[in-house]
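This is what each chain is made of:
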Amino acid sequence: MDPNYDAAFRNFEYRWPERFPGPRWTRTEDGRAFIRNMPETAEELQADSRWPAFFPSPICLVTVRHGDEVALEKVVGASIVNRFPYVLALSFCRVPLSERHHPRHRFMELLEKSGAANVQFLSPGPLLGRAMGAVAEIPEAQTRERLKASGLGIRPGESHGAPVFNDAYMVYEGHLARPVKGFEGERVYDRPWEDVGSHRVYFLEINCIQLQEEIAEGRRHIHWRGLPVWSPRLPFQPAEPPSVPGEGFQSAYQKGYAPRYVFPSAATAGFEQDARKHGMAIKHLAPLPEDQVEVDNDRARWPCFFPSSLAMITTWGDDGRPNVIPCGSTTVLSRSPMIIAACISYARINVRYAPRASIDLLRKRGAFGCAVPFIHERVVAAIKYAGNVSFRDDPDKVARSGLAVEPGGEAPGLPALPIQYDCRIVGEVKLGTHAMFLGEVRRIRVRTDVQAENPLKWCPWGIVE
Ligand SMILES: Cc1cc2nc3c(=O)[nH]c(=O)nc-3n(C[C@H](O)[C@H](O)[C@H](O)COP(=O)(O)O)c2cc1C
């Protein structure tokens, strides 16, 4: 698809903002940003429950079956939250907030009764349009009618009976997570869901992945743009003193990062299929051994592509130095209060999954900043440096990544990035290898050069070509 990588996304882009700023935003003294305090009142929320600012999230379709009842729902921000077991979090509204945010009672009931779901992806086009149209037009209480109304062909999944779209290019099949021991011997998943603000978050343990054969064989590719596109109008704010990311420190493990991602490619792991059926390569994921043991770096990689974005999670160190961890497992879980989850590795599995220095800082400080990066050479260089070097080894990690830091505040601000959510930690859920830190958004900062005529552009879909 290169060199016109971005051109292919143009028809499917979402742009933020449409209008900005609204009444609750105030300009900072230096004129560089607008600030909004959170949470909002119930009345404000009822009048407009759209997210108050942009956060890049993928969208997927989810199906369930209980008895002869099948149901379809769309989920924004499904996110891999834990590596062993391999768990996907899906969040559904459970209390009425507005016309837009209404409870998904029927779907949740069927999911809880059947204990299984299929998470699937269609490339943007008429078929995805029909599935999304059925979700939009048919009320939640009649969710069982949606699959029929979409007119799309379905078949049962490989590991359970929930339907799979014949036209899905990728399917993640899973069951609600069962109680197991985490890497520290602790009990996890005593319950396969967690109520977080206005939403219920389900932990779906993935047991089977289906990938279109042509993709598994490298004859077609999934193109995923993992960061929004944006053109800053203010000059890039570098670290002081200026530094070149990567100079001064090397980590033992070098995780690469490309926001314009192609799967499969020479840089990605191959898909290790163990069966073929219906034009799909199929991989069954082995259940977790009783005692989790050391897993080598390659086995710890994700077994297949899953669309995710990235946030820069910031905290203050003990000596007042800032830290930042690029965190791919970051997602918005609840709308009221607005709660952002960042999933951080606490397990000592191997070099790749070692406990992050950020874990202790988050617990001590009880707050984090969640900044939204975008496609920019210096931002990507900062992600690569900060995503491979620990604060434990380089306490000047943020400066060395090339990013300026705004002093003051409960969490360090990153003024080079267009949007930042400042969050107070209201919970921590251990998931086996990763801990999910729940941050209630208290303040949002949006740079003044983010405008309707200069929006962030984001595509929530992978494009298959
Ligand atoms: C693209 C990318 C995504 C990452 N996502 C996560 C994640 O979701 N959770 C996590 O614990 N580490 C993640 N990491 C790894 C951490 O960023 C990395 O280990 C970092 O050096 C930890 O810093 P700390 O020890 O100072 O906290 C990611 C790294 C990169 C490059």
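Scroll up to find the structure this text is about.
The paragraphs below set out a description of the structure included in this document.

Okay, the overall build of the chain next. Secondary structure assignment for the chain yields nine helices and 28 strands. In terms of overall dimensions, the chain is globule-like: its C-alpha atoms have a radius of gyration of 21 Å, near the 23 Å expected for 465 residues. Projecting the C-alpha coordinates of the chain onto the three principal axes gives extents of approximately 60 × 50 × 45 Å. Within the chain, the fraction of its 465 residues that count as buried is 58%. For the chain, the exposed surface amounts to about 19,300 Å²; the carbon and sulfur share of it is 48%. If the 57 positive side-chain charges of the chain are averaged to one point and the 55 negative ones to another, these points end up 2 Å apart.

A few words on the pattern of salt bridges. Working definition: two side chains of opposite charge can pair if their charged atoms are close together. Tallying each qualifying case throughout the model produces 37 salt bridges. Ionic pairing is found between Asp195 and Arg94, a salt bridge with its closest N-O pair at 3.7 Å. Of the two residues, Asp195 sits in strand E14 (residues 193–196) while Arg94 sits in the loop between strand E7 (87–93) and helix H3 (105–114), which places them 101 residues apart along the sequence. Here Arg220 and Glu214 are joined by a salt bridge, their closest N and O atoms 3.8 Å apart. By relative accessible area, Glu214 is classed as partly exposed at 30%. One network of salt bridges, with partners in common, ties together Glu213, Glu214, Glu217, Arg219, Arg220 and Arg276.

With that out of the way, let us pick up the packing of aromatic side chains. Applying the stated rule across the entire model yields 21 aromatic pairs. Arranged with centres 6.5 Å apart and planes meeting at 65°, the rings of Phe54 and Trp458 form a pair that is edge-to-face. Here Phe54 is found in the loop between helix H2 (42–47) and strand E4 (59–66), whereas its partner Trp458 is found in strand E27 (residues 456–458), with 404 residues between them in sequence. Residue classification places Phe54 among the buried residues on the basis of a relative accessible area of 4%. Residue Trp458 is classed as buried on the basis of its relative accessible area, which comes to 3%. Measuring from centroid to centroid gives 6.5 Å for Tyr86 and Trp302, while their planes differ by 65°, and the two rings are edge-to-face. Of this pair, Tyr86 sits in the loop between strand E6 (79–82) and E7 while Trp302 sits in the loop between strand E19 (280–284) and strand E20 (311–316), placing them 216 residues apart in sequence. Members of the aromatic cluster, connected to one another through ring pairs, are Tyr14, Phe54, Trp224, Tyr261, Phe263, Phe305 and Trp458. Its guanidinium or amino end placed over the ring of Phe84, Arg83 lies 4.4 Å from that ring's centre, counting from NZ or CZ. In this structure, Arg225 packs its charged tip against the face of Phe9, placed 4.8 Å from the ring centre.

Turning next to empty space enclosed by the protein. Empty pockets left among the atoms are what a rolling probe the size of a water molecule brings to light. Counting across every chain of the model gives one cavity of 30 Å³ or more. Considered as a void within the structure, the largest cavity measures approximately 50 Å³ in volume. Lining the largest cavity, in full, are Phe55, Pro56, Ser57, Pro58, Gly77, Ala78, Ser79, Ser308, Ser309, Gly328, Thr330 and Thr331. Looking at the lining of the largest cavity residue by residue, the classes come out as four nonpolar, eight polar and no charged.

So, on to the nonpolar core. Among the nonpolar cores identified, the biggest contains 111 residues, and Val119, Tyr172, Phe203, Ile419, Tyr421 and Met436 are the most heavily contacted of them. Counting residues in each nonpolar core, the second largest holds 22 residues, with Ile59, Leu122, Leu152 and Ile463 among its members.

Let's shift gears to the site of the ligand. Close to the ligand lie 22 residues, the nearest being Ser345, Ser358, Ser390, Phe391 and Lys397. With respect to the ligand, the backbone of Ala386 contributes an N or O atom lying 3.1 Å from an oxygen atom. Here an oxygen atom of the ligand sits 3.0 Å away from a polar atom, N or O, in the main chain of Val389. Across the complex, the protein chains shield 91% of the 650 Å² of accessible surface that the ligand would expose by itself. For the shell around the ligand, the secondary-structure elements that each account for two or more residues are strand E21 (322–327), strand E23 (339–345) and helix H7 (357–365). Of all the elements, E21 adds the most residues to the shell around the ligand, at four residues. Among the residues forming the shell around the ligand, the class breakdown is 11 nonpolar, eight polar and three charged.

The residue after Met38, namely Pro39, is reached through a cis peptide bond having omega 5°. Considering the arrangement of structural elements, one finds Pro39 in the loop between strand E3 (33–37) and H2. For His278, which is not glycine, the phi dihedral falls at a positive 50°. Positionally, His278 belongs in the loop between strand E18 (275–277) and E19.

For the pair helix H4 (residues 126–137) and helix H5 (residues 143–150), interaxial distance at closest approach is 9 Å and the crossing angle is 150°. Comparing the axis directions of H4 and H5 gives the class roughly antiparallel. In this structure, the crossing between H4 and H5 has a hand that is right-handed. For the pair H4 and H5, contact is made by Arg130, Ala131, Ala134 and Val135 and by Arg146, Ala149 and Ser150, respectively. Split by residue class, the contact of H4 with H5 holds four nonpolar, one polar and two charged.

The rules we used
- Here the residue numbers are simple positions, counted from 1 along each chain's written sequence.
- Note on the predicted model: pLDDT of at least 70 is required for a residue's local features to be given, and 80 or more for side-chain atom pairs to be given and counted; whole-chain, interface and lining totals, by contrast, use all residues.
- To get the side-chain values, all heavy atoms of the structure are used, and hydrogens and water are removed first.
- Runs of H or I in DSSP of at least four residues are treated as helices and runs of E of at least two as strands, each being numbered from the N terminus.
- A radius of gyration in this sense is built from C-alpha atoms; the matching globule rule multiplies 2.2 Å by the number of residues raised to 0.38.
- The buried label goes to any residue with under 20% of its type's maximum accessible area, the exposed label to any with over 50%, and the partly exposed label to all in between, with areas taken from a 1.4 Å probe on protein chains only.
- Only the protein chains shown count as cover for residues, and the accessible areas themselves come from Shrake-Rupley with a 1.4 Å probe.
- Charge counting follows a simple rule: Lys and Arg are positive, Asp and Glu are negative, and His as well as the terminal groups are ignored.
- Charge coordinates come from a single atom per side chain, which is NZ of Lys, CZ of Arg, CG of Asp or CD of Glu.
- Between Lys or Arg on one side and Asp or Glu on the other, a salt bridge is scored when a side-chain nitrogen of the former is within 4 Å of a carboxyl oxygen of the latter.
- Aromatic pairing here means that ring centres of Phe, Tyr or Trp (its six-membered ring) are within 6.5 Å. Orientation follows from the plane angle: under 30 degrees is stacked, over 60 is edge-to-face, and everything else is tilted.
- Here, over-ring charges are defined by two tests on the NZ atom of lysine or the CZ atom of arginine: distance to the ring centre within 6 Å, and angle to the ring normal within 35 degrees.
- Think of a 1 Å grid over just the protein atoms. A cavity is a set of points where a 1.4 Å probe fits yet cannot get out, a pocket is an open set with protein on both sides within 12 Å along at least five of seven lines, and lining residues have an atom within 4 Å of a point.
- Grid points are joined across faces, edges and corners, and a volume is the space filled by probe spheres set on the points.
- Only Asp, Glu, Lys and Arg are considered charged in this grouping, and only Ala, Val, Leu, Ile, Met, Phe, Trp, Tyr, Cys and Pro are considered nonpolar; every other residue, Gly among them, is considered polar.
- As used here, the term nonpolar core means buried Ala, Val, Leu, Ile, Met, Phe, Trp, Tyr and Cys residues forming a set that is joined through side-chain atoms within 4.5 Å.
- Only a single heavy atom is needed: when it lies within 4 Å of a molecule or strand, its residue is near that molecule or strand.
- For this analysis, a polar contact is any N or O atom pair within 3.5 Å, provided that within protein one partner can donate a hydrogen and the other can accept it, and provided that sequence-adjacent residues contribute only side-chain to side-chain pairs.
- Axis angles are defined between N-to-C directions and span 0 to 180 degrees, where every axis is a line fitted to C-alpha atoms and, for a helix, only to the segment in contact.
- Reported orientations rely on four angle classes, namely roughly parallel under 35 degrees, roughly antiparallel over 145, roughly perpendicular from 65 to 115, and oblique for the rest.
- Crossing chirality is assigned from the near helix's rotation relative to the far helix, an anticlockwise turn below a right angle marking it left-handed and a clockwise turn marking it right-handed.
- For this analysis, residues touch if any pair of their heavy atoms sits within 4.5 Å.

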